[in-house]
Amino acid sequence: MKRRNLLKSIGLTSLGLAGLSPQVRAAENIIAAENEGDKKKKEPWEPYGRTESEKERDARLLSEQFFTPSELTTVAVLADLIIPRDSHSGSASDAGVPAFIEFMAKDKPELQTPLRGGLHWLDAQALKRFGSVFTACSQKQQIEIVEDIAYPGKVKPGMSQGVAFFNLMRNLTASGFWSSQIGIADLGYVGNIPNQWTGVPDDVLKQYGLENE
Amino acid sequence: MQDIQFNFSAESYDVIIVGSGAGGGMAAYELTKAGAKVCLLEAGQHYDPADPQYITQLKWPWQSPRRGASTRFRPFGDFDAAYGGWDIEGEPYTTAPGTKFAWFRSRMLGGRTNHWGRISLRFGPDDFRRKSIDGLGEDWPISYDEVKPFYDEIDSMLGVFGTNEGLPNDPDGVFLPPPKPRLHELMIKKANRNLGIKTIPSRMSILTKKINDDRGECFYCSQCGRACMAYADFSSSSCLVKPALKSKNLDVIYHAMAREVLTDPQTGLCTGISYVDTKTLEERTVKARIVVLAASACESARLLLNSKSPRFPNGLANSSGVVGKYLHDSTGASRAAIIPMLFDRKRYNEDGVGGLHVYSPWWQDNKKLDFPRGYHIEYWGGMGMPAYGFGWGIENVNGMFPDRDGNKREAGGYGAALKDDYRRFYGAYIGMAGRGEAVAREDNYCEIDPEKVDKFGIPVLRFHYKHSEYEKLQAKHMHETFEQIIHEMGGIPLSDKPGPDKEYGLNAPGEIIHEVGTARMGNNPKTSALNKYQQAHDVKNLFIVDAAPFPSQGDKNCTWTILALSMRASRHIVDLRNQGKL
Ligand SMILES: Cc1cc2nc3c(=O)[nH]c(=O)nc-3n(C[C@H](O)[C@H](O)[C@H](O)COP(=O)(O)OP(=O)(O)OC[C@H]3O[C@@H](n4cnc5c(N)ncnc54)[C@H](O)[C@@H]3O)c2cc1C
Ligand code: SF4
């Protein structure tokens with residue numbers, strides 16, 4: 001956000017009198033932190049108030065690799081089947097979901113076995129049915145398998161492990177997509193910005209037959 | 001990073017305070033204002049929410065590689081302003097077999113007040129005399145009228161919004177204007193009006209109006225849990241310790257983990273504190289005329305129990321044997337729901353303040369119910385900022401509703417239709433949590449574990465805590481109420497109603513993080529550790545100003561009362577000093 005807009009949005013337009021206000025200092029802090037972020041553009045993550053132990057752990061996680069390249073390709077294919085590009089926004093991989101899932105597998109090690117195991121369960125299915133691993137199948141064949149594991153309400157015999165894995169993939173993909181820049185723009189979340197809250201807008205009140213109180 | 005903030009360095013201080021949370025910050029503020037030379041020992045590190053190196057406020061989820069997911073270091077999410085958590089490396093605690101307790105600790109200036117919920121409820125007249133009403137537990141040695149002036153003073157000094165409703169046990173205060181309800185909150189109010197469940201503006205220590213030049217006004221980012229860089233929400237670090245430092249009467253020593261309270265074997269008075277420098281692991285002592293403990297209820301009990309000497313074989317201030325006993329936390333149970341009327345809602349910024357804009361104080365009469373104590377209800381919902389966990393579990397929800405064209409849908413799925421479900425359901429989830437009073441019992445307690453020590457060699461706490469039927473029946477009532485509210489709103493409760501096998505959904509003891517009662521105050525030195533000014537019966541220069549002195553909890557969150565009572569105890573210390581009695 002531009003500095004002027006920021007000051008305006010918190011109700012302060014001139015620096016003169018307000019120079020001592022904690023709000024102006026707050027605004028300046030945001031700007032300082034953002035400039036800091038610009039300087040460190042090469043770092044994978046902008047600084048966001050990490051403690052020493054967190055910095056150490058995150059640096060270690062970021063230097064490690066969990067998925068093999070072919071596993072990561074499968075993750076990307078699945079993620080894009082779950083959240084594809086549409087007329088509103090890009091796909092899961094456009095939003096960086098595979099890298100996010102790679103990070104989460106290291107950050108929450110309890111995810112590692114369900115994810116790796118699920119990916120190999122999927123390849124075994126694909127091999128059994130179509131003679132090649134999942135990513136080497138045609139899209140039609142991939143969809144055929146996904147159709148069998150995407151609906152927890154109607155699970156075919158022998159498919160329950162695949163359903164559990166697909167639930168996890170769906171949830172991770174959604175988390176990663178909707179918390180990305182692309183996802184937030186698509187969803188229409190318009191907060192996280194200094195503002196004044198004055199109650200529910202009139203047209204919305206009217207829509208629901210309510211009144212501000 | 002700062003290790004010490006010295007205004008002066010004394011051979012011996014007037015007062016040592018252990019811990020800089022709600023209780024310790026208030027004592028530091030009051031005592032330094034009165035001119036005492038004070039040393040504040042804090043086990044954690046320096047923290048200032050306006051210092052860019054600490055800021056997490058107004059960051060976006062993608063600035064965190066885990067998109068805000070929780071870690072061992074930040075159990076309430078990657079942007080939360082608490083350094084510490086349930087499980088701190090090298091600082092264990094244990095629980096006796098068959099019992100449960102979860103202990104949340106923050107290791108930083110301001111303790112747990114940097115990220116707390118800011119729900120600031122004063123206790124009511126009945127909360128100080130429950131035993132007289134229902135025969136259970138113990139009355140306080142003080143009445144609401146004795147505490148009221150202090151509540152009034154902290155309301156004005158620290159700032160809290162709310163409304164004067166004239167309710168008998170949820171007293172009026174000195175309130176700033178509350179924020180208007182959000183859409184789902186208006187719907188809850190409407191439903192609750194039909195059900196006769198009083199629902200009023202919440203009471204939170206957030207500045208909806210400027211109160212002084214040191215603190216800014218709320219700009220409605222909904223992120224008080226990340227701590228406010230404009231100091232528009234109350235935290236002990238920004239609103240009490242910082243001004244106390246300006247008095248030039250305060251030294252703060254960081255990374256100082258108190259081990260024991262030192263006493264003179266002849267006089268039996270305290271002489272200071274021995275502590276471990278957590279960075280160098282050196283043992284140090286600091287001396288003072290008066291010792292004030294404020295390390296949080298359980299940690300202060302731990303300090304007393306670990307301060308054994310031939311003169312005090314049961315630990316300090318414990319001739320009654322009550323130290324560690326009568327530990328109790330607020331009860332908690334919660335439920336989420338989805339409100340179809342809110343599908344595909346119009347987007348606008350409804351962040352509001354960090355937390356609820358309305359709540360329901362206890363509205364019933366326990367004499368007509370099968371459990372003795374009340375609870376209040378807190379609500380959540382709205383179009384919040386997405387983060388890790390967003391959309392999780394959609395397979396349990398989307399099969400319940402036909403698509404926009406009225407066709408039945410199969411739960412789960414993938415592809416464009418699924419992608420659209422997330423948009424459709426955004427902002428349609430709500431939830432509610434009951435926070436109630438548990439009955440304090442002697443057999444719910446913490447003691448020193450006979451075998452284990454932490455990494456500093458300090459013996460750790462072992463907890464024994466079980467819910468009684470009272471708490472379970474209260475949780476059952478909470479869930480019945482939640483379902484009534486959800487149905488009245490036209491919503492659908494998510495997850496099943498927990499039954500007796502799950503203790504009706506009661507949170508494990510400690511999980512609500514309002515633990516109190518471990519060194520209770522009273523008029524009788526045989527059944528209490530402290531007198532009504534929170535001064536140890538056995539050791540006249542020892543005071544406790546966290547929640548350890550609470551004989552009972554109230555169906556309110558405890559922090560506003562910790563603050564009021566710490567102010568009261570600190571003024572009493574000053575009076576005693578002026579009278580030459582300390
Ligand atoms: C997520 C969350 C939400 C909450 N929401 C609310 C709410 O909405 N309303 C409410 O009323 N309450 C709420 N609480 C509870 C509130 O935070 C506590 O009641 C309050 O902070 C307790 O104050 P205290 O001074 O007793 O202890 P703390 O705030 O815990 O401070 C204790 C301090 O002592 C230090 N310390 C501990 N041991 C030692 C030692 N041996 N030596 C030196 N220093 C030591 C710690 O590092 C810490 O800084 C919430 C808590 C949490 C975690
Ligand atoms: S909601 Fe208000 S008080 Fe809370 S952090 Fe945001 S601006 Fe500060």
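Residues numbered from 1 in each chain as written. Chains lettered and ligands numbered in written order. Predicted model: local features only at pLDDT ≥ 70, side-chain atom pairs only at ≥ 80, totals over all residues. Heavy atoms only, no water.

Side note on the site of ligand 2
All names here are of chain B. For clarity, the threshold we go by: Whether a residue is near a molecule or strand depends on its heavy atoms: if one lies within 4 Å, it is near. Within this scheme a cavity is a closed region of a 1 Å grid, computed over the protein atoms alone, that accommodates a 1.4 Å probe without allowing it to escape, whereas a pocket is open but has protein on both sides within 12 Å along at least five of seven lines; lining residues each have an atom within 4 Å of a point. Molecules are considered to sit inside a cavity or pocket once more than half of their atoms lie within 2 Å of its grid points. Lys, Arg, Asp and Glu make up the charged group, whereas Ala, Val, Leu, Ile, Met, Phe, Trp, Tyr, Cys and Pro make up the nonpolar group; the residues left over, Gly among them, are polar.
Neighbouring residues of ligand 2: 14 residues in total, closest Cys 218, Phe 219, Cys 221, Cys 224 and Cys 228. Given that more than half its atoms are within 2 Å of the pocket grid, ligand 2 belongs to the largest cavity. Along the lines of polarity and charge, the residues of the shell around ligand 2 split into nine nonpolar, four polar and one charged.

Side note on the sheet that holds strand E16 (residues 445-453) of chain B
Using the following cut-off: By definition, two strands form a pair when at least two bridges between them are found by DSSP. A run of H or I in DSSP becomes a helix once it reaches four residues, and a run of E becomes a strand once it reaches two; helices and strands are each numbered from the N terminus.
Spatially, three strands are ordered E5-E17-E16 (chain B) in an open sheet, and the strand pairing comes out mixed. One side of each edge strand has no neighbouring strand; the edge strands of this open sheet are strand E5 (94-95) and E16 of chain B.

Concerning the site of ligand 1
All names here are of chain B. What counts, and what does not: The definition of a polar contact used here is a pair of N or O atoms within 3.5 Å, where within protein one atom must be able to donate a hydrogen and the other to accept one, and adjacent residues in sequence count solely through side-chain atom pairs. For accessible areas, the Shrake-Rupley method is used with a probe of radius 1.4 Å. Any residue's cover is judged against the shown protein chains and nothing else.
Around ligand 1 sit 36 residues in total, of which Glu 42, Arg 112, Gly 117, Ala 258 and Thr 559 are the nearest. In the model, a nitrogen atom of ligand 1 is placed 3.1 Å from a nitrogen or oxygen of the Ala 43 main chain. Here an oxygen atom of ligand 1 sits 3.4 Å away from a polar atom, N or O, in the main chain of Arg 118. Relative to its unbound accessible area of 990 Å², ligand 1 is 95% covered by the protein chains. Going through the elements one at a time, helix H1 (22-33), strand E9 (256-263) and helix H9 (559-578) are the ones with two or more residues in the shell around ligand 1.

Quick word on the side chain of Asp277(B)
Positionally, Asp277(B) belongs in strand E10 (residues 270-277). Polar contacts involving the side chain of Asp277(B) include one to the main-chain amide nitrogen of Lys279(B), which spans 2.8 Å.

A look at empty space enclosed by the protein
All names here are of chain B. Counted only if it meets this: Grid points are joined across faces, edges and corners, and a volume is the space filled by probe spheres set on the points.
Applying the stated criterion across every chain yields a total of six cavities of 30 Å³ or more. Gln 57, Cys 218, Cys 221, Cys 224 and Cys 228 are, among the 14 residues lining the largest cavity, the residues nearest its centre. Looking at side-chain class alone, the lining of the largest cavity contains nine nonpolar, four polar and one charged residues. Lining of the second largest cavity is provided by Ser 120, Leu 121, Arg 122, Asp 155, Val 160, Asp 170, Pro 171, Phe 175, Arg 203, Tyr 359, Lys 556 and Trp 560. Across the lining of the second largest cavity, the residue classes break down as six nonpolar, one polar and five charged.

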